[in-house]
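Coordinates in review
So the chains spell out like this:
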Amino acid sequence: MKYTWRSPSNIALVKYWGKHGIQLPRNSSISFTLSNAFSETSIEFTKKNADNNKVEIEFLFEGEKNEAFQNRIEKFLNSIVSYFPFITSLNLQISSINSFPHSTGIASSASAMSALALGLCSIENELTGALSNQEDFMRKASIISRLGSGSACRSMYPYLSIWGKNDGVSNSSDEYAIPFTESNEIYKTFHDSILIVSSDEKKVSSTAGHELMHNNIFAETRYKQANKNTVDIIDALKSGDLDKFGLIAEEEALTLHALMMTSNPSYILLQPESLKLISLIRDYRNETKLPVYFTIDAGPNIHLLYPHSIFNEVQDLIKNELSKQCEGGRVIEDKVGIGATLMSK
Ligand code: PMV
């Protein structure tokens, strides 16, 4: 038996930054699900002759053996045996591809971990029938994705997902993401044009960045701000208030980087070109009054967020001005998408 899932990456609007326990967030976050940047992961499973209590896998990345990835996945699978007791009695042949090239500055862990988690849930359901309810299935897949790579838990639902307990958001949880289904239609048309300032591997990993929040003097204030921003951006997402949406998205992006700058030791991931781009985007918005905003992940690249109705205008801006600040003029086009799909079984 073989299951193949395709799962996309996501871009946070309200950022998860700071955690405890096993990838439990200190605040709630909300993200757009993307569509062009995805991983496609097949898991073929056969029964082992004898259960030796070991996780045994063969892993191919883009059709080739990759020992570093194989070790990481084996370690992860060993850590979740209590969630999937059957995995030690199977041989798993896992093969994965990414739609986007390695080292583009786009994180692959969210798409890769969510595609893997969905495949494991399909196997569980095939063997036990325990996840035949769609909601239970997605919830478990989200929990497993979270254990693999925090924000990966937000990757599989259509358009927008919320993760982290927030008293203002019913059914929200620290353990898994939930779909946000009340969005105004305009956000479902949003583009994310990723302006690549640098594709170098970042100097400080997200894991180290989360860790540094433990001693950041702004931490408690930040967690409150994020919880409030989650509630406020939900209002803007429901009503279609683009100005309010953009104000919060930009505040979140800059706060994330301010937290890095105020960590001890402090560090800076933004590059001169990142700041130049922010300034060009804000100038353009002031002049044209068009709804084009930015967000930034834990890196120097700038994500340009805007509705499809102004696609041509923004593409002109990118071509004429913004791409000049990018590494080799590189811009990766993505847009909001429908979430994970089962490709074959
Ligand atoms: O999921 P992690 O541990 O890679 O952390 C992701 C952190 C940010 O991408 C910066 C923010 C987010 O909410 O996705």
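A brief look at the structure comes next. (Residues numbered from 1 in each chain as written. Predicted model: local features only at pLDDT ≥ 70, side-chain atom pairs only at ≥ 80, totals over all residues. Heavy atoms only, no water.)

Here we take up the pairing of strand E5 (residues 56-61). Two faces, one strand: in a regular strand the side chains alternate between the faces of the sheet. In E5, alternate side chains face the same way, and those of Ile-57, Phe-59 and Phe-61 are buried while those of Glu-56, Glu-58 and Leu-60 on the opposite face are not. Sheet topology places E5 next to strand E6 (residues 64-65); two bridges connect them, and they run antiparallel. Among the inter-strand pairings, Leu-60 is bridged to a residue of E6, identified as Lys-65. Count of turn residues in the E5/E6 antiparallel hairpin: two residues, of which Glu-62 carries a positive phi of about 50°. (Buried < 20%, exposed > 50% of the residue type's maximum accessible area, 1.4 Å probe, protein only. Helix = DSSP H or I, 4+ residues; strand = E, 2+ residues; numbered from the N terminus. Pairing = 2+ DSSP bridges.)

A separate point is the packing of aromatic side chains. Each aromatic ring pair is characterised by the separation of its centres together with the angle its planes make. Applying the stated criterion across every chain, the model contains eleven aromatic pairs. Ring centres 4.9 Å apart and planes at 85° place the aromatic pair Phe-61 and Phe-69 in the edge-to-face group. According to the relative accessible area criterion, Phe-69 is partly exposed, its value standing at 27%. A ring pair is formed by Tyr-187 and Phe-245, whose centres lie 5.0 Å apart and whose planes are at 45°; its orientation type is tilted. Pair noted here: Tyr-187 is in the loop between strand E9 (177-179) and strand E10 (191-195) and Phe-245 is in helix H6 (residues 242-261), with a separation of 58 residues, a long-range link. Look at Tyr-187 and you get buried, because its relative accessible area is 1%. The buried category is assigned to Phe-245, whose relative accessible area is 0%. Each residue in the set Phe-32, Tyr-187, Phe-190, Phe-245 and Tyr-293 is aromatic and connected to the rest through ring pairs, giving one cluster. The lysine or arginine in question, Arg-6, covers the ring of Phe-38, its NZ or CZ lying 3.9 Å from the ring centre. (Phe/Tyr/Trp six-rings, centres within 6.5 Å; stacked < 30°, edge-to-face > 60°. Lys NZ or Arg CZ within 6 Å of the ring centre and 35° of its normal.)

Turning our eyes to something else, we now look at the site of the ligand. Of all residues adjacent to the ligand, which total 13 residues, the nearest are Tyr-16, Ser-151, Arg-154, His-210 and Asp-297. A distance of 2.7 Å is found between an oxygen atom of the ligand and a side-chain nitrogen or oxygen belonging to Ser-151. Interatomic distance of 2.8 Å between a side-chain N/O atom of Asp-297 and an oxygen atom of the ligand. Contact with the protein chains removes 88% of the 380 Å² of surface that the ligand exposes when unbound. Looking at the shell around the ligand residue by residue, the classes come out as five nonpolar, five polar and three charged. Looking at which domains feed residues into the shell around the ligand, each of domain 1 (2-183) and domain 2 (190-335) gives three or more. (Near = heavy atom within 4 Å. Polar contact = N/O pair within 3.5 Å; in protein donor to acceptor, adjacent residues only side chain to side chain. Areas by Shrake-Rupley, 256 points an atom, 1.4 Å probe, with all protein chains shown as cover. Nonpolar A, V, L, I, M, F, W, Y, C, P; charged D, E, K, R; others polar. Domains from an automatic or database assignment.)

Remember that the coordinates give geometry; whether it matters functionally is a separate question.
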